Amino acid sequence: MTLLLLGFFNDQFLFAQSSDVFRIEYLNIPENDTGIKTQRYRLLFNLPLKLNKKKDYLVTGFEYNRFDVGYSQDFPFDESELIRFHVVDFNLGFITKWNENWNFIGIVTPRLASNFTNGVMGEDFFFNATATFWKEKPDADKPFRLVLGLSYNSTTGLPIPLPLVSYYKRFHPKWSYTLGIPRSNFKFHLAKKHTLETTLLLDGYFINVQNDILLPDGQLGSKISLSALVGALGYQYNVSKRMAFYALVGRSIEQEGKLRNNRRGDVFLLNDEANLYIRTGFKIGIF
């Protein structure tokens, strides 16, 4: 349960750990012993609009994820509703300088997550919100960044905001680390253009299934979820300070793919076997 809840935070770090203005990405989770394989195509764009001389910004944007899932083994139900899924986020954020040391970032993210078999339905809608304070010293001898905040995510089923923490430090000209959720890493800055890393990250999704899946025991699968804790090695080619191509290759340490009912209870275990994890893309970030 803890892994699942943490996995839902993955898309809540727009200006915490995933500080992207633009990102295009491909993820491949090859077939494992359960006979399931997953591909994800991701596109993200955020536009910061300067509001005044104080350097307040309004941020608008969107993120789209498409999941293609393949099954090579038979399950005791019809898999035709579980082949393609879509997640669409609409981002609206505000950034302001709180005081000399801290910036405040507030983000609301309405979300549609569904297989959209019958168009858009009420059960496809979810709501996420994040409020964080962000402090950084990029020009210090040992640059660092600290993000402290709260996140509310309707897919967790918890009616309270949960804490977010991220700490980055470049403690040596060639070495840096980030500690936080959903991602921690240790980087070796081989040269200005080349960066190697080891990383531990959480990934996953929680998506509505419009036509309930009837299971052999009479229960209904109304939602599908995947949560994964992944260890990976990565390489990044830095085109500029904020623009880069990247690739990650790793393996899930723990994962759970499940069908869930309307109350988010477990009704069928789809996948709990380790997988390879291959992710590559291009990004433009704010740091």
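Residues numbered from 1 in each chain as written. Predicted model: local features only at pLDDT ≥ 70, side-chain atom pairs only at ≥ 80, totals over all residues. Heavy atoms only, no water.

A. Focus on the pairing of strand β11 (residues 194–214). Both strand β10 (residues 183–191) and β11 contribute to a ladder of seven bridges, which runs antiparallel. Bridge assignment links Arg-183 to a residue of β11, and that residue is Leu-201. Between β10 and the antiparallel strand that follows it, β11, lie two residues. The pairing of β11 with strand β12 (residues 220–238) spans 17 bridges and is antiparallel. Within β12, the position partnered with His-194 by the bridge is Tyr-237. Here β11 folds back onto β12, and the loop between the two strands holds five residues, one of which, Gly-218, carries a positive phi near 90°. (Pairing = 2+ DSSP bridges. Helix = DSSP H or I, 4+ residues; strand = E, 2+ residues; numbered from the N terminus.)

B. A look at a positive patch on the surface. A contiguous patch of positive charge on the surface is contributed by Lys-50, Lys-55, Lys-97 and Lys-137. Within the element layout of this structure, Lys-137 appears in strand β6 (residues 125–137). (Patch = residues over 30% accessible without salt bridge, like charges linked within 9 Å, V, L, I, M, F, W, Y side chains within 5 Å. Areas by Shrake-Rupley, 256 points an atom, 1.4 Å probe, with all protein chains shown as cover. Salt bridge = Lys/Arg side-chain N within 4 Å of Asp/Glu carboxyl O. Lys, Arg positive; Asp, Glu negative; His and termini not counted. Charge placed at Lys NZ, Arg CZ, Asp CG, Glu CD.)

C. Spotlight on the pattern of salt bridges. A complete count under the given rule lists 15 salt bridges for this structure. When the shortest N-O distance is used, the salt bridge between Asp-68 and Arg-84 registers 2.8 Å. With a gap of 16 residues between them, Asp-68 in strand β3 (residues 57–71) and Arg-84 in strand β4 (residues 84–97) connect regions that are remote in the sequence. Asp-68 gets classed as buried once you look at its relative accessible area, which sits at 14%. We classify Arg-84 as partly exposed; its relative accessible area is 40%. Each of the salt bridges in this network shares a partner with another, and the network as a whole consists of Asp-20, Arg-23, Glu-25, Arg-40, Arg-42, Glu-63, Asp-203 and Arg-279. (Buried < 20%, exposed > 50% of the residue type's maximum accessible area, 1.4 Å probe, protein only.)

D. Up close: unusual backbone geometry. With an omega of 20°, the peptide bond between Ile-181 and Pro-182 qualifies as cis. With respect to the helices and strands, Pro-182 occurs in the loop between β9 (175–180) and β10. Backbone geometry places Phe-116, a non-glycine residue, at a positive phi of 50°. Despite not being glycine, Arg-264 has its phi angle at roughly 70°, a positive value. Looking at where Arg-264 falls in the secondary structure, it is placed in the loop between β13 (243–260) and β14 (266–271). Taking relative accessible area as the criterion, Arg-264 reaches 28% and is therefore assigned partly exposed.

E. Structural view of the packing of aromatic side chains. Applying the stated criterion across every chain, the model contains 18 aromatic pairs. For the ring pair Tyr-71 and Phe-75, a centre distance of 5.9 Å and an interplane angle of 85° mean the geometry is edge-to-face. Between the aromatic rings of Tyr-167 and Tyr-177, the centroid separation amounts to 6.2 Å while the plane-to-plane angle is 55°, which identifies the pairing as tilted. With Tyr-167 in strand β8 (residues 162–172) and Tyr-177 in strand β9, this pair connects stretches of sequence that are ten residues apart. Members of the aromatic cluster, each reached through a chain of ring pairs, are Phe-144, Tyr-167, Phe-171, Trp-175, Tyr-177, Phe-186 and Phe-188. Residue placement shows Lys-283 over the ring face of Tyr-246; its charged tip is 5.6 Å from the ring centre. (Phe/Tyr/Trp six-rings, centres within 6.5 Å; stacked < 30°, edge-to-face > 60°. Lys NZ or Arg CZ within 6 Å of the ring centre and 35° of its normal.)

F. How the structure looks around the nonpolar core. Residues Phe-77, Leu-82, Phe-85, Ile-207, Ile-224 and Leu-259 are the most contacted members of the largest nonpolar core, which totals 30 residues. Top contributing element to this core by residue count: β11, with six residues. Counting residues in hydrophobic clusters, the runner-up holds six residues, among them Val-59, Ile-95, Ile-105 and Trp-134. (Core = buried A, V, L, I, M, F, W, Y, C linked by side-chain atoms within 4.5 Å.)

G. Focus on a negative patch on the surface. A surface patch of negative charge is lined by Glu-31, Asp-33, Asp-272 and Glu-273. Along the chain, Asp-272 turns up in the loop between β14 and β15 (276–285). The class of Asp-272 is partly exposed, set by a relative accessible area of 43%.

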